[in-house]
Amino acid sequence: MNTIILVQTFGCGDLIFCQTIANRLRIQYNAKILWPVQDVYAPLAKHFPNVTMVDKALVSIDYSRRDEYEFNGTKVIPLRFTDSICNVPYTDCMKSKYGYFGWKWEEWKSHHGICRDGVKESELMNELGLNDGVPYNLISDMFQTGGTRTISITPPDNGLKNVYMKFIEGYTVIDWLTVMQQAETIHAVSSANIYLFELFPPKAIVNLYIRRPNEQNHDNYSYLLTKDK
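Report follows, based on the coordinates. (Residues numbered from 1 in each chain as written. Predicted model: local features only at pLDDT ≥ 70, side-chain atom pairs only at ≥ 80, totals over all residues. Heavy atoms only, no water.)

**Observations concerning unusual backbone geometry**
Then, number 1: Its identity is not glycine, yet Asn 72 carries a phi of approximately 45 degrees, on the positive side.
Then, number 2: Summarising the element assignment, Asn 72 is placed in the loop between β4 (69-71) and β5 (74-77).
Then, number 3: Overall, the relative accessible area of 76% leaves Asn 72 in the exposed class.
Then, number 4: Even without glycine at this site, Asn 87 takes up a positive phi of about 55 degrees.
Then, number 5: You can call Asn 87 exposed: its relative accessible area is 70%. (Helix = DSSP H or I, 4+ residues; strand = E, 2+ residues; numbered from the N terminus. Buried < 20%, exposed > 50% of the residue type's maximum accessible area, 1.4 Å probe, protein only.)

**Quick notes on the side chain of Asp 83**
Then, number 1: With respect to the helices, strands and loops of the structure, Asp 83 is situated in helix α3 (residues 82-85).
Then, number 2: No salt bridge is formed by the buried Asp 83, whose closest oppositely charged neighbour, Arg 66, lies at an N-O distance of 6.2 Å.
Then, number 3: What Asp 83 contacts, discounting residues up to four positions off in sequence, is Val 88, Tyr 90, Cys 93 and Ser 96. (Lys, Arg positive; Asp, Glu negative; His and termini not counted. Salt bridge = Lys/Arg side-chain N within 4 Å of Asp/Glu carboxyl O. Contact = heavy atoms within 4.5 Å.)

**Quick look at the environment of Val 59**
Then, number 1: Here Val 59 is to be found in the loop between β3 (52-55) and β4.
Then, number 2: The spacing of Val 59 and Leu 34 is 25 residues in sequence and 9.2 Å in space, taken between C-alpha atoms.
Then, number 3: Beyond its immediate chain neighbours, meaning those up to four positions away, Val 59 contacts Ile 5, Leu 34, Pro 36 and Val 54.

**Some points on the sheet that holds strand β1 (residues 3-6)**
Then, number 1: The strand order β3-β2-β1-β5-β4 describes an open sheet built from 5 strands, whose pairing is mixed. In the strand order of this sheet, the two ends are held by β3 and β4, each with one partner. Strand after strand, the sheet turns through a mean of 25 degrees between neighbouring axes, direction not considered.
Then, number 2: On top of the sheet, helix α2 (residues 19-29) reaches β1, β2 (32-37), β3 and β5; it is set at about 150 degrees to β2, its chief contact. (Pairing = 2+ DSSP bridges. Axes fitted to C-alpha atoms, helices over the stretch in contact; angles between N-to-C directions.)

**Things to note about helix α5 (residues 118-127)**
One turn of the α-helix equals 3.6 residues, which is why residues spaced by three or four share an orientation.
Then, number 1: Along α5, the residues that are buried comprise Lys 120, Glu 121, Leu 124 and Met 125. Buried residues in α5, looked at end-on, bunch into an arc of 145 degrees, giving them a common side.
Then, number 2: Buried positions along α5 lie against β6 (136-140) and α6 (177-182).
Then, number 3: Positive backbone phi, approximately 70 degrees, marks Gly 129, located one or two places after α5. (Arc of directions from axis to C-beta.)

**Some words on the pattern of salt bridges**
Then, number 1: Using the criterion set out here, one finds 12 salt bridges in the structure.
Then, number 2: Asp 92 is the salt-bridge partner of Lys 95, the closest N and O atoms lying 3.9 Å from each other.
Then, number 3: For Lys 95, a relative accessible area of 27% puts it in the partly exposed group.
Then, number 4: Salt-bridge contacts for Glu 198 lead to Lys 109; the nearest nitrogen and oxygen are separated by 2.9 Å.

**Description of the sheet that holds strand β10 (residues 185-189)**
Then, number 1: Ordered by their spatial adjacency, 4 strands build an open sheet running β9-β6-β10-β11, and the pairing between neighbours is parallel. Here the strands that pair on one side only, and so sit at the sheet edges, are β9 (161-164) and β11 (206-209). Direction aside, neighbouring strands of the sheet carry axes that sit 20 degrees apart on average.
Then, number 2: Where β6 and β9 come together, 4 bridges link them in parallel fashion. Each residue of the ladder has a partner; that of Leu 138, found in β9, is Val 163.

See below:
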């Protein structure tokens, strides 16, 4: 086969968590990995040089199809539906993405292949006024595709500047890594950030908040976390 298409078009956290899958498949089959995503995530392509990540509108396949199939030298893998394919509860949906291939989910960090953009990270620090060395709190209250939902997070009463994560034209969530790593405290709803905290540990302890009313606890992802929560 020449190309493998991974069907997991949304969920920024899923895109990060599954990069080791993409890179293992690329090596195993010596194939190009084509990863269609929703347009809001297309800018992430710069961070994944080993994967061809494109707007899903450019790839004409049936995104609701739940089986693995091949056509014209292309294999299509329904990564989005592995929990139902593997017949596991939703709490194990992230595990199932690796279990589908017979791989250990604990190895998800091993071949993530994320390429950071140091120039944009520095520019973002400047834009947010954080290059003066003054400590700050990082607040991340948005979740769901495109940050369409938020929860209320009360900033700590420590007298520090509060910096809120948000979508800023020209920057990706991965371009926020320097901001994350240099924050004095972090208060974040459980979103794609938890995977970045795991891959690129910040100096601060992360205070993690539940995505209410969607969730009542951290059971859907707590097993993924190795740091204090």
